[in-house]
Amino acid sequence: MMRLERRPQPSEAWSWATPILAVVLTMIVGGILFVFLGKDPILAIRTIFWDPLFGSFASYTRPQLLVKAGPLILIAIGLSLGFRAGIWNIGAEGQYIMGAVTGAAVGLAFYPSEARWLVFPLMIVAGAIGGAFWAWIPGILKVRFGTNEILVSLMLVYVAENILAYAALGPLKNPEGMGFPGSRNLARWDTTANPELIAGTGMHWGVAFAFIAVIAAYVLLSRHTLGFAIRVTGASPRAAAFSGVDPKRLVILAMLISGALAGLAGIFEVTGPAGQISIDFGVGYGFTAIIVAFLGRLHPIGILLAGLLLALTYIGGEMAQLQLGLPAAAIQLFQGMLLFFLLALDVLTNFRPRFGADAAA
Amino acid sequence: MSEVLLSLKGLTKAYPGVVANEDVSFDIGAGEVHALLGENGAGKSTLVKTIYGLVRPDSGSMTLAGAPYEPTEPSQARARGVAMVFQHFSLFDALNVADNIALGMEKPPPMGELAQRIRDVSEAYGLPLNPSRTVGDLSAGERQRVEIIRCLLQDPKLLIMDEPTSVLTPQEVEILFHTLRKLREEGTSILYISHKLEEIRALCETATILRLGKVVATCDPRETSARQMAELMVGSVLHVPERAAAPPGEVVLELAGLSAPSPRAFGTALKDVSLQVRKGEVLGIGGVAGNGQDELLLALSGEMRTKPQMVQLKGQPVGHRPPDARRALGLLAAPEERNGHASAPDMTLTENAALTARVRKKLSRNGFISWRRSKGYAEEVIKDFDVRTPGPGNAARSLSGGNLQKFVIGREILQAPEVLVVNQPTWGVDASAAASIRQALLDLAAKGAAVIVVSQDLDELMEISDRFAALNAGVLTAPRPAKGLTMEQIGLMLGGAHDMHEAEADHA
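Conventions we followed
Residues numbered from 1 in each chain as written. Chains lettered and ligands numbered in written order. Predicted model: local features only at pLDDT ≥ 70, side-chain atom pairs only at ≥ 80, totals over all residues. Heavy atoms only, no water. UniProt positions renumbered as here; feature names shortened; annotations may be inferred. Helix = DSSP H or I, 4+ residues; strand = E, 2+ residues; numbered from the N terminus. Rg over C-alpha atoms; globule rule 2.2 N^0.38 Å. Buried < 20%, exposed > 50% of the residue type's maximum accessible area, 1.4 Å probe, protein only. Contact = heavy atoms within 4.5 Å. Areas by Shrake-Rupley, 256 points an atom, 1.4 Å probe, with all protein chains shown as cover. Lys, Arg positive; Asp, Glu negative; His and termini not counted. Charge placed at Lys NZ, Arg CZ, Asp CG, Glu CD. Pairing = 2+ DSSP bridges. Salt bridge = Lys/Arg side-chain N within 4 Å of Asp/Glu carboxyl O. Buried area = accessible area lost by both parts, 1.4 Å probe. Polar contact = N/O pair within 3.5 Å; in protein donor to acceptor, adjacent residues only side chain to side chain. Disulfide = S-S within 2.5 Å. Arc of directions from axis to C-beta. Phe/Tyr/Trp six-rings, centres within 6.5 Å; stacked < 30°, edge-to-face > 60°. Lys NZ or Arg CZ within 6 Å of the ring centre and 35° of its normal. 1 Å grid on protein atoms, 1.4 Å probe; cavity = no way out; pocket = protein on both sides within 12 Å on 5 of 7 lines; lining within 4 Å. Points joined across faces, edges and corners; volume = space filled by probe spheres on them. Nonpolar A, V, L, I, M, F, W, Y, C, P; charged D, E, K, R; others polar.

Per an unreviewed UniProt entry, chain B goes by ABC transporter ATP-binding protein and derives from Pseudoroseicyclus tamaricis. Per UniProt, chain B carries the Subcellular location (unreviewed entry) text "Cell membrane".

In the annotation of an unreviewed UniProt entry, the entry for chain A reads ABC transporter permease, and the organism field reads Pseudoroseicyclus tamaricis. UniProt annotates chain A under Subcellular location (unreviewed entry) with the comment "Cell membrane".

Asker: Whenever I open this one, the overall build of chain B confuses me. Can you help?
Answerer: Counting its regular elements, chain B contains 17 helices and 23 strands. In terms of C-alpha radius of gyration, chain B reaches 24 Å, essentially the compact-globule figure of 23 Å for 508 residues. With respect to the principal axes defined by its C-alpha atoms, chain B has extents near 70 × 50 × 40 Å. Counting every position in chain B, which comprises 508 residues, the buried fraction comes to 56%. Sequence-distant contacts in chain B: of pairs separated by 6 or more residues, those separated by 24 or more amount to 65%. A total of about 20600 Å² of accessible surface is found on chain B, and carbon and sulfur atoms cover 51% of it. Distance between charge centroids for chain B: 8 Å, based on 54 positive and 62 negative side chains.

Asker: Would you mind going over the overall build of chain A with me for this structure?
Answerer: In terms of regular secondary structure, chain A is built from 15 helices and 2 strands. In terms of overall dimensions, chain A has C-alpha extents of about 75 × 55 × 35 Å along its principal axes. The contacts of chain A with a sequence gap of at least 6 include a subset with a gap of at least 24, amounting to 78%. For chain A, the computed accessible surface area is about 16000 Å², with 69% contributed by carbon and sulfur atoms. Charge-centre separation for chain A: the mean point of 22 positive side chains lies 10 Å from the mean point of 17 negative side chains.

Asker: Can you walk me through the sheet that holds strand β5 (residues 67-68) of chain B in this structure?
Answerer: Backbone hydrogen bonds hold the strands of a sheet together, and the pairing may be parallel or antiparallel. All names here are of chain B. An order of β2-β1-β4-β5 is seen for the 4 strands of this open sheet, with the pairing classed as antiparallel. Here the strands that pair on one side only, and so sit at the sheet edges, are β2 (18-29) and β5. Pairing of strand β1 (residues 4-15) with strand β4 (residues 59-64) involves 5 bridges; the strand directions are antiparallel. Bridging across to β4, Thr12 finds its partner in Ser59.

Asker: Looking at this structure, I do not really get the pattern of salt bridges. What am I missing?
Answerer: Residue and element names in this part refer to chain B. Per the counting criterion, the structure on display carries 24 salt bridges over all chains. Measuring nitrogen to oxygen at the nearest pair gives 3.2 Å for the salt bridge that ties Asp324 to Arg358. Of the two residues, Asp324 sits in helix α10 (residues 323-329) while Arg358 sits in the loop between α11 (349-357) and β17 (364-365), which places them 34 residues apart along the sequence. For the salt bridge of Arg438 with Glu463, the shortest nitrogen-to-oxygen distance reads 3.9 Å. Taken together, the residues span a long stretch of sequence, with Arg438 in helix α14 (residues 431-446) and Glu463 in helix α15 (residues 458-464) at a distance of 25 residues. Glu463 sits in the partly exposed class, given a relative accessible area of 37%. Overlapping salt bridges, with partners in common, bring together Arg438, Asp457, Glu460 and Glu463 in one network.

Asker: Looking at this structure, how should I read the interface of chain A and chain B?
Answerer: The extent of an interface is frequently quoted as the accessible surface area lost upon association of the parts. If you look at the interface, chain A gives 27 residues, while chain B gives 38 residues. Approximately 2500 Å² of surface area, both sides summed, lies buried where chain A meets chain B, with 55% of it carried by carbon and sulfur atoms. At the junction of chain A with chain B, the criterion picks out 1 salt bridge. Here Glu351 of chain B makes a salt bridge to Arg231 of chain A, at a shortest N to O gap of 2.5 Å. The interface formed by chain A and chain B holds 11 residue pairs in polar contact (both at pLDDT 80 or more) in total. Counting residues per element, the ones that place at least two in the side of chain A that touches chain B are β1 (2-6), α8 (205-223), α9 (225-235) and α10 (237-243) of chain A.

Asker: Can you walk me through the side chain of Thr350 of chain B in this structure?
Answerer: Relative to the helices and strands, Thr350 of chain B resides in helix α11. Leave out the neighbours within four places in its chain, and Thr350 of chain B touches Trp371, Ser374, Lys375, Ala378, Pro392 and Gly393 of chain B.

Asker: Sorry, what's going on with the state of the cysteines here?
Answerer: By definition, a disulfide links the sulfur atoms of two cysteines through a covalent bond. All names here are of chain B. Within this structure, the stated rule accounts for 0 disulfides over all chains. With no disulfide partner, Cys151 has as its closest neighbouring cysteine sulfur the one in Cys204, 17 Å distant. What makes Cys151 buried here is its relative accessible area of 4%. Cysteine Cys219 remains unbridged, with the sulfur of Cys204 as its closest cysteine sulfur at 10 Å.

Asker: What is the right way to read helix α8 (residues 226-234) of chain B from this model?
Answerer: Since one α-helical turn is 3.6 residues long, residues separated by three or four positions face the same way. Residues and elements named next belong to chain B. Turning to α8, its buried residues are Ala226, Met229, Ala230, Met233 and Val234. Projected down its long axis, α8 shows its buried positions confined to an angular sector of 130°, all on one face. Contact partners of the buried residues in α8: β3 (33-37), α7 (197-203), β9 (206-211), β10 (214-219) and α14. Immediately downstream of α8, the backbone of Gly235 shows phi near 85°, a positive value.

Asker: Looking at this structure, I do not really get the packing of aromatic side chains. What am I missing?
Answerer: Given two aromatic rings, one states the distance between the centres and the angle between the planes to describe the pair. All names here are of chain A. One pass over the structure, following the stated rule, counts 17 aromatic pairs over all chains. Pairing Phe34 with Phe334 gives two aromatic rings, centres 5.7 Å apart and planes at 20°, and the pair type is stacked. Here Phe34, found in helix α1 (residues 12-36), pairs with Phe334, found in helix α14 (residues 328-345); they are 300 residues apart in sequence, far enough to count as distant. The buried category is assigned to Phe34, whose relative accessible area is 0%. Given the relative accessible area of 2%, Phe334 is considered buried. Ring centres of Tyr96 and Phe281 lie 5.2 Å apart, and the angle between their planes is 10°; this geometry places the pair in the stacked category. Separated by 185 residues along the polypeptide, Tyr96 in helix α5 (residues 92-109) and Phe281 in the loop between α11 (247-271) and α12 (285-295) bring together distant segments of the chain. Both residues of the pair, Tyr96 and Phe281, belong to the buried class. Taken together, Tyr96, Phe281, Tyr285 and Tyr314 form an aromatic cluster joined through their ring pairs. Of note, Arg116 hangs over the ring of Phe120, and the distance from its end group to the ring centre comes to 4.2 Å. The positively charged end of Arg184 is found above the aromatic ring belonging to Tyr111, 3.7 Å away from the centroid.

Asker: What is the right way to read the side chain of Gln405 of chain B from this model?
Answerer: Residues and elements named next belong to chain B. Within the fold, Gln405 resides in helix α13 (residues 401-413). A distance of 3.0 Å separates the side chain of Gln405 from the backbone oxygen of Pro425, its partner in a polar contact. Discounting residues that sit within four places of it in the chain, Gln405 has contacts with Arg338, Gln424, Pro425, Val429 and Ile437.

Asker: In this structure, what is going on with empty space enclosed by the protein? I would like to understand it.
Answerer: Unoccupied space between atoms shows up once a probe the size of one water molecule is rolled over them. All names here are of chain B. Overall, the coordinates contain 2 cavities of 30 Å³ or more when judged by the stated rule. Each pocket or cavity is described by its volume, and for the largest cavity that value is around 40 Å³. Forming the boundary of the largest cavity are Leu127, Gly141, Gln144, Arg145, Ile148, Leu168, Glu172 and Leu176. For the lining of the largest cavity, the secondary-structure elements that each account for two or more residues are α5 (140-152) and α6 (170-185). Considering every element that reaches the lining of the largest cavity, the biggest residue donor is α5, with 4 residues. In the lining of the largest cavity, the residues fall into 4 nonpolar, 2 polar and 2 charged.

This is the structure we're talking about:
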């Protein structure tokens, strides 16, 4: 028989070991899954984790790593601030879409202006505001009426997806697009383009913002009173209130920050890698970022690493689809398993397993 | 009386890193009220759990009424005539008294018969209780009666009571003692756990004192002074708080018609609470928990906002100001729940120092916290208040209750407050830590601060208060000078009168 014994303090070592263990377990169970799909598990794991970095197409896939990791990290950093305070914004995907739509709409309103110095910064601000607004809705409803932010933010994702479809087919549709749905290509218009900053690296403005966000979040959480308020609220809401944290203000603030960062990810994506507002613009970064945030222990540096790892599974997963014919669902299952194992193993951070009959506390 | 009912021989129980009981041996006579005394962590709980079959000892043996006794679960203990009333009640609020008692029985009789038996037992032992009342409406004392009657229905030979008076008013304590004496006359043995030494002196014939898991002394409490017993418990000479009398200064804190609904679902609203506290004064506020104590503290700390004029600090209305603004003005507080309210259990002591001391100790500048200064302040608190911990980097939850309480109180006192409000400052704290906390509060008042102590422990309040007021159902009585108040007067102030008439009827 096994019993769990509460540790006097959370284990530092386990809090770092569990993500690694979760990755290893995911590879093992994922490998077994691939066997059942009739694939060579070693080859599949290698295709997903090794080939994108060092395989024969690495020169193409390696820059993709930053392209995919950028939005994941940017969104996950914002989410982690709320998660740490026990504020569960699950709707980053919707905020990401709304940031892209709002930012793109502002940019397109200036078409065919050539004033990049004005339009591009304006679009970035508009993207952040669009995302922040979409996150503010569940925040204010929670503060005013006690609604559950998990449900409201999640449902707003579907509203955002419909607004996206409407924008792509209606107001933002390219008038010169010969009737095809989708906006003008922002990446090919110099005023609004978000190109690679250093050729061959995949590094664009969104990635730069992601790195800045990592550093800013690190400083905020470790030194600033707001970061402290977030951590105390997550650790002990009553102690936070006693200390002077206004929980309602914190909910609004955390929602605004996470929404703004998701919105930024959206605007950088639509002006760069995606290029245009289209019906299939949302590819699930907002949801995958939740995995990134938890896999990274809600810690900025951890999120940076987790973002890169999840980006790898995106790219590797695509390669596995192409080369081995693995179904796309198998890759999503793979990512889901990662979160599942992580959360399951998390118990070891606060509890110590004891084996044997005489373990009564 | 000389006949031995339960005999413990060499009981030892070790947990990882700590020996809870080491070679514990003593006898409980038939019809004896036997006290088990000891500080927190002395091993009292483990020992009674062993007797009640909740814990199996590593070694040692027990005999009950001459036969070997090795209960592996409470039902076996009950079958042998051992019953226990726990400190924390396990009752369902939504059910009535009879339902609750039936739920705790192995083979409950039909409801009508059970209700009659409850009435019979409650009358026989002077514990008035109506079996059809809903438990949620009962006072703490009445709930305890439900637990006691549940035990008495089993006709126990040995009744174990864990800190039974901690939730009772003085009048309710009298009723309880009356019952326990009656049980003793009928030959029932009682193992009575308490840290209230005067009670033990009034009730018990033998006391076994535990320290660090071992029996250190056995005495007759009727012939031993409370002070001697306390010193045996602590193992050192006990320091009795002393105070230098100072003339009271000007009014620093005034509550003017403070009324506020409770922020919690089953809380108590404050109703027109008015009081004044002067510099250098200790105001004691007594009352049974759940009568608005928590709400009063929240209204003073700033966690709960009221109309500005309801709370006035040095003549300035602050009822609408948040906690940090009040701290800046010199109003500090320490809530009752040290784990999770006064401190964040999972955070380090350094972080917990920054929790409330940022403003007055200048631990942050331009929104950035200086962890170096915070650590320095945590170290200062640890040193000045003798907090036992390896260092400020340890999580608050790793500290024992008494040590964390010393840290929490010390953190506020070292910020040199002008008004300090504390709720249950020594709840669940061992005798020596409690004495040093009380002394620190008196020293603070001697330096000219106004101190409000909210507590359920009347002995504590009488020891340190200049004036005494009682909180009952959210209403505060007018404060009266503490000196010369009799227990009866205090009892009336506490308004613990809700079942006094029944008790008197029973005595008559």
